[in-house]
Amino acid sequence: MILKLAWKNIWRNRRRTFITLSAIAFAVLFAVMMRSMQEGMEEQMVKTSVENSLGYIQIHTKGYWDDKLLENGMSVPDLPIQQIEELDNITIVDPKLETGMITSFGNQSRGTYILSYDIDKDSPKQVKKKLVEGKLPRDGKKEVVLGIELADYLDASIGDTLVFLGSGYQGSTAAGLYVISGLLDFHIPELNRSTTYMSLASLQDLLGAEDLITSLMIGLKKPSKLNETAAKIKSVIGSEYEVMTWEELMPDLKQLIQTSGAKGYIMNFILYMIISFVMFGTVLMATQERKYEMGVLQAIGMKKSKSIALVLVENIVTSIMGVIIGVIGASPIAYYFNQYPLEITGDSAKAILEMGIEPIIPFSVNPMIAINHGLIVLVISLLLVIYPIMIIRKLNPVSAMKL
Amino acid sequence: MKTILKIAWRNVWRNKLRSGVVFTSIVLGIWAGLFVVAISAGMLEQQKRGTLESQLSHLQIHSNDFLEDIKLSHKFSNTQVKQIENVLSTHSDVANYTKRSISEGTGTTPHGFSNLKVIGIYPEQEKNVTTIHSRLIEGTYFTKYKNKPILIGRKLADNLHLEVGKTINISFQDKDKNFIQAGFKIEGIFGTPSQSFDVSNVFIKASDFTELIGSDSPYTHEYAVNLNDVETSSDFSTTINSQFTNATAENWATLSPELSFNDETAGTSLMVILVIIIFALTFGIVNTMLMAVLERKRELGMMLCVGMNKQKIFIMIMIETVCLSIAAAPIGLLLSWLTIAYFGSVGISLESVGDALYKAGYDSMVYPAVDSIIYLNITLMIVFASLIASIIPARKALKYNPAEAVRAV
């Protein structure tokens, strides 16, 4: 009976229902938009940093991250690479070997990080993207590519032969002559000054360590499932290895994101204050409008508890409808700004680009945002029903029916 | 016109509840807009100050050759040193300055190596310009060890497994381009907000620097200058650059594009947030005023019947909103000013993420602050938005058919 009455009430005064519905729907829309933008910025930060350098997850021998010695490296045949590749959510498992050496040309020399890439994997593409001059080392040749500022410092250019000197695997001395085949620009001065790339095979050869790698870099399809995937990898490999996520590998970045998160919470809080107030205003007006009607119902003998139940049901139905409309309305907008992100303009857009970061703010399309904020608005909307309940309880039919 | 004004004014007071809702919406809108801007600006300011104090100073001067290519030989000539110091010590804008010698080198320990910027400083002058001396986590500031002391960053210490009292070997070129290596004793470990700064910069005494490169007189590569007012840094740089042909002054914004990057992204996202807030608010006002108009259908119909024209009804409804805005604006401003002033002196604690914030270059406390012009901007924006918001309900009233409206319940 009450259900039926409530349903009829909702459709009876369509204008009022429409205004209430739209208040709730827009509340959801605004909250979702704001959060989508904030999370989008965070995702963008992670994506640029992670893809430029360390990968979402890395596996090393326990202790390598604290003390990056070659002796803390791993041997490829010992690792269950196949098994890791077969796990869900994994796009690539890329073996990496990394070491520091002194690089000299003429009477200039400089400490350099030598990184490897696996010719059979995706990584040449990533290195190739940074190539500004020359070409990648040919298979089987003793060739390297290096950062442009490093080449500049050494006064060396393509075709020159560099001397690498350092310690090899297990105390041996590593030394070798390599020809520069190309120059890289990482857009990050620090990397341009200190990075050299050669193929995994040549680096293993230089260090006198066949099959040696220092880390496995893992790419993910869905970065949001980071910890789940890391846990799965842990269960596949032995306890002598450490599995580290980008959050552990780059605590700086993690902190930066927490910073923007803290700010986001304050902004959200303020937005919710406004949203709550707008919704309250709507409920308030709607209740005032219906005082007369409620007075009539009471005058003809409807119990207050039934009136309250009626308002409650009406409120729940409209709230749920409003939230659903809001979520449906927000999704295409978030999707649009995800595909066509906001662009940062102004003088520093160029400087940002030079840092290797795209000057854009894409929106996140994480469905959890819509669900979470839809629920928050629903809760606020349900709490606001306290107001009409209070009014009904205090209602005096005689005075209420006086227009 | 006077009559309409009077009617509108009375209408505002007639339904106090409804007026209260619109009034509070506007107050809340102004407050929220200003507070959001203030928090944003406060956080940025905090971060900027941290970076400027610990690393950048307000502006730096280098020789043009040095900017092109960091090399030992690209120092200032003796005449340049005299000229620059003459300008810096006499100019009234300058608060403090210090000079530095810089060389790129490589630090090695048994645990690895790191490419470093070796900076030779005059410890006492440096204290006046940057806050490295107060950011020591361990150790002392050039007071303990006589023989080649060095200050290194926390991140570098972690990476190379170094502690106070241990030795790091640093190799670089001397003035004749010979490769030299020297052991430095770690006297202190500093932590700035930037890990990338901590991992790649080390400080030694300028006198040790001069001795190691085999020179009799100091090599000066950099002047770090603090002004009385950081806002004048761009103008002061221009002054310097017009006076010297082979030296370039760069202010903090040029030195650190990351800081301007933060400014820009924060600016863009702030705009979006403001737009969202204003939309939410406008929507609230539209809703309430629309209900007000619909509720008063009968009354408005009656007015139309007795001969008031539609234009006047439209103006009347607009004036109602204007009255509310004009009344609400000063209260909103006062409220914002009070909260911003209060939190500006007390600070808002972001304790739960405080540790992370500190490391990322922020303090765990945020002190909201806002330029006075922003008060005006935001208030005008909100008042304007509320006017726009009242157009829709007022238009709705125009569409009433008097005969029908008057019969509405």
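On a predicted model such as this, the values are computed, not experimentally measured, just so you know.

What follows is about the overall build of chain B. A tally of regular secondary structure across chain B gives 16 helices and twelve strands. With the C-alpha coordinates aligned to their principal axes, the bounding extent of chain B is approximately 100 × 45 × 30 Å. Taking the intrachain contacts of chain B between residues at least 6 apart in sequence as the baseline, contacts between residues at least 24 apart amount to 80%.

Helices and strands together make up the secondary structure of chain A, namely 16 helices and 15 strands. For a compact globule of 403 residues, the expected C-alpha radius of gyration is about 22 Å, and chain A comes in at 31 Å, more than 25% above that figure. Dimensions of chain A, computed from the C-alpha atoms along their principal axes, are close to 100 × 50 × 30 Å. Buried residues in chain A amount to 42% of all 403 residues. For chain A, the share of sequence-separated contacts (at least 6 apart) that also reach a separation of at least 24 residues comes to 80%.

For the rest of this paragraph, the subject is the interface of chain B and chain A. Between chain B and chain A, the contact holds 52 residues from the first and 49 residues from the second. Of all the secondary-structure elements, those providing two or more residues to the side of chain B that touches chain A are α2 (16-56), β3 (112-121), α7 (195-200), α11 (257-295) and α14 (354-359) of chain B. At 22 residues, the largest contribution of residues to the side of chain B that touches chain A is made by α11 of chain B.

This brings us to the domain arrangement of chain B. Interface size, as often reported, equals the accessible area lost upon joining of the parts. Domain boundaries assigned for chain B yield domain 1 (2-52 + 259-405) and domain 2 (71-220). Look at where the C-alpha atoms of domain 1 of chain B and domain 2 of chain B centre, and you get two points 53 Å apart.

Turning to the confidence of the model for chain B, a few remarks are in order. Should the pLDDT be low somewhere, the predicted coordinates at that spot are not to be read in detail. Residues and elements named next belong to chain B. With 95% of its residues at a pLDDT of at least 70, chain B reaches an overall mean of 83. Averaged over each element, pLDDT in chain B is lowest for α14 (48) and highest for strand β8 (residues 201-205) (94). Here residues 356-362 scores under 50 on pLDDT; set against residues more than four positions off or in separate chains, the count is 25 contacts. Here the predicted complex scores 0.73 on pTM and 0.72 on ipTM.

Residue and element names in this part refer to chain A. Buried residues dominate strand β12 (residues 215-220), accounting for five of its six residues. The sheet contact formed by strand β3 (residues 90-96) and β12 spans six bridges and is antiparallel. From the neighbouring strand, I90 faces β12, where its bridge partner is L220.

Let us now look at helix α14 (residues 367-383) of chain A. All names here are of chain A. Taking 1.5 Å per residue as the helical rise, α14 with its 17 residues ought to reach 24 Å, and the 25 Å between its terminal C-alpha atoms agrees with that figure. Those residues of α14 that sit buried are I369, A370, H373, G374, V377, L378 and S381. End-on view of α14: buried residues confined to an arc of 155°, all on one side of the axis. Every exposed residue of α14 that faces more than 90 degrees away from the buried side is listed here: M368, L375, V379 and L383.

In this section: the sheet that holds β3 of chain A. Residues and elements named next belong to chain A. The strand order across the open sheet built from four strands is β3-β12-β1-β13, with neighbouring strands paired in antiparallel fashion. In this open sheet, the two strands that pair with only one neighbour each are β3 and β13 (241-245). The average angle at which neighbouring strand axes cross in this sheet is 20°, direction not considered. The sheet contact formed by strand β1 (residues 57-61) and β13 spans five bridges and is antiparallel. Its bridge partner being in β13, T61 is matched across the sheet by Y241. Helix-sheet contacts for helix α8 (residues 226-236) involve β1, β3, β12 and β13, and the interaxial angle to β13 is about 170°.

Right, let's talk about the confidence of the model for chain A for a bit. Confidence in the prediction for chain A averages 83 pLDDT; 94% of positions are at 70 or higher. Per-element confidence in chain A is highest for strand β7 (residues 143-147) of chain A, whose mean pLDDT is 91, and lowest for helix α13 (residues 348-354) of chain A, whose mean pLDDT is 60.

On to the nonpolar core. With 91 residues, the main nonpolar core has A27, V28, F30, L271 and I274 of chain A together with A280 of chain B as its most contacted residues. The element best represented in this core is α2 of chain B, accounting for 16 residues. Residues within four places of A280 of chain B in sequence aside, it is in contact with F26, F30, L271, I274, I275 and V278 of chain A. Grouped together as the second largest cluster of nonpolar side chains are 53 residues, Y56, L70, I114 and L212 of chain A included.

Okay, unusual backbone geometry next. Positive phi outside glycine occurs at D155 of chain A, with the angle close to 60°. Residue placement: D155 of chain A occurs in the loop between α5 (148-154) and β8 (161-167). Not every positive phi belongs to a glycine, and H161 of chain B is a case in point at roughly 55°. Mapped onto the elements of the fold, H161 of chain B is located in the loop between α6 (154-160) and β6 (167-173). You can call H161 of chain B partly exposed: it has 13 C-beta atoms within 10 Å.

Bringing the environment of L378 of chain A into the picture now. All names here are of chain A. With respect to the helices and strands, L378 occurs in helix α14. On the basis of neighbour counts, which here come to 20 C-beta atoms within 10 Å, the residue L378 falls in the buried class. Distance in space between the C-alpha atoms of L378 and R15 is 21 Å, their sequence separation being 363 residues. Once residues lying within four places of it in the same chain are set aside, the contact partners of L378 are S319, I320 and V323.

Residue and element names in this part refer to chain A. Most of β7 is tucked away: five of the five residues are buried. Sheet topology places β7 next to strand β9 (residues 173-184); five bridges connect them, and they run parallel. Among the inter-strand pairings, E143 is bridged to a residue of β9, identified as V179. Direction of pairing for β7 relative to strand β10 (residues 195-199): antiparallel, over a ladder of two bridges.

All names here are of chain B. Packing of α2 against helix α13 (residues 310-346) brings their axes to within 8 Å, and their N-to-C directions diverge by 35°. As α2 packs across α13, the resulting crossing turns out to be right-handed. Across from S19, V22, F23, I26, V27, I30, W31, L34, F35 and A38 in α2, the residues of α13 making contact are L324, S325, A327, A328, A329, I331, G332, L333, L335, S336, T339 and I340. Residues that form the contact of α2 with α13 fall into these classes: 17 nonpolar, five polar and no charged.

With that settled, consider α8 of chain A. Residue and element names in this part refer to chain A. Every buried residue of α8 is listed here: T229, A230 and I233. For α8, the angular spread of buried residues about the axis comes to 100°, placing them on one side. Opposite its buried face, α8 presents the exposed residues N227, E228, A231 and S235, each directed more than 90 degrees away. Elements that come into contact with the buried residues of α8 comprise β1, α3 (81-85), β3, β12 and β13.

Residue and element names in this part refer to chain A. Take A370: it is sitting in helix α14. For the pair A370 and V28, spaced 342 residues apart in the sequence, the C-alpha separation amounts to 7.8 Å. Among residues more than four places away in sequence, those in contact with A370 are V32, V327, A330 and S331.

On to the environment of L310 of chain A. Residue and element names in this part refer to chain A. Summarising the element assignment, L310 is placed in helix α12 (residues 304-339). Residue L310 is classed as buried on the basis of its C-beta count, with 21 C-beta atoms lying within 10 Å. Once the C-alpha coordinates of L310 and L5 are considered, the two residues, 305 residues apart in sequence, prove to be 7.4 Å apart. Other than its neighbours up to four places away in sequence, L310 contacts I2, L5 and A6.

Rules used in this analysis
Residues numbered from 1 in each chain as written. Chains lettered and ligands numbered in written order. Predicted model: local features only at pLDDT ≥ 70, side-chain atom pairs only at ≥ 80, totals over all residues. Helix = DSSP H or I, 4+ residues; strand = E, 2+ residues; numbered from the N terminus. Contact = placed C-beta atoms within 7 Å. Rg over C-alpha atoms; globule rule 2.2 N^0.38 Å. Buried ≥ 20, exposed ≤ 12 C-beta atoms within 10 Å, placed from the backbone. Domains from an automatic or database assignment. pLDDT = per-residue confidence, 0-100. Pairing = 2+ DSSP bridges. Expected span 1.5 Å × (residues − 1). Arc of directions from axis to C-beta. Axes fitted to C-alpha atoms, helices over the stretch in contact; angles between N-to-C directions. Core = buried A, V, L, I, M, F, W, Y, C linked by C-beta atoms within 7 Å. Left-handed = near helix turned anticlockwise from the far one by under 90°. Nonpolar A, V, L, I, M, F, W, Y, C, P; charged D, E, K, R; others polar.

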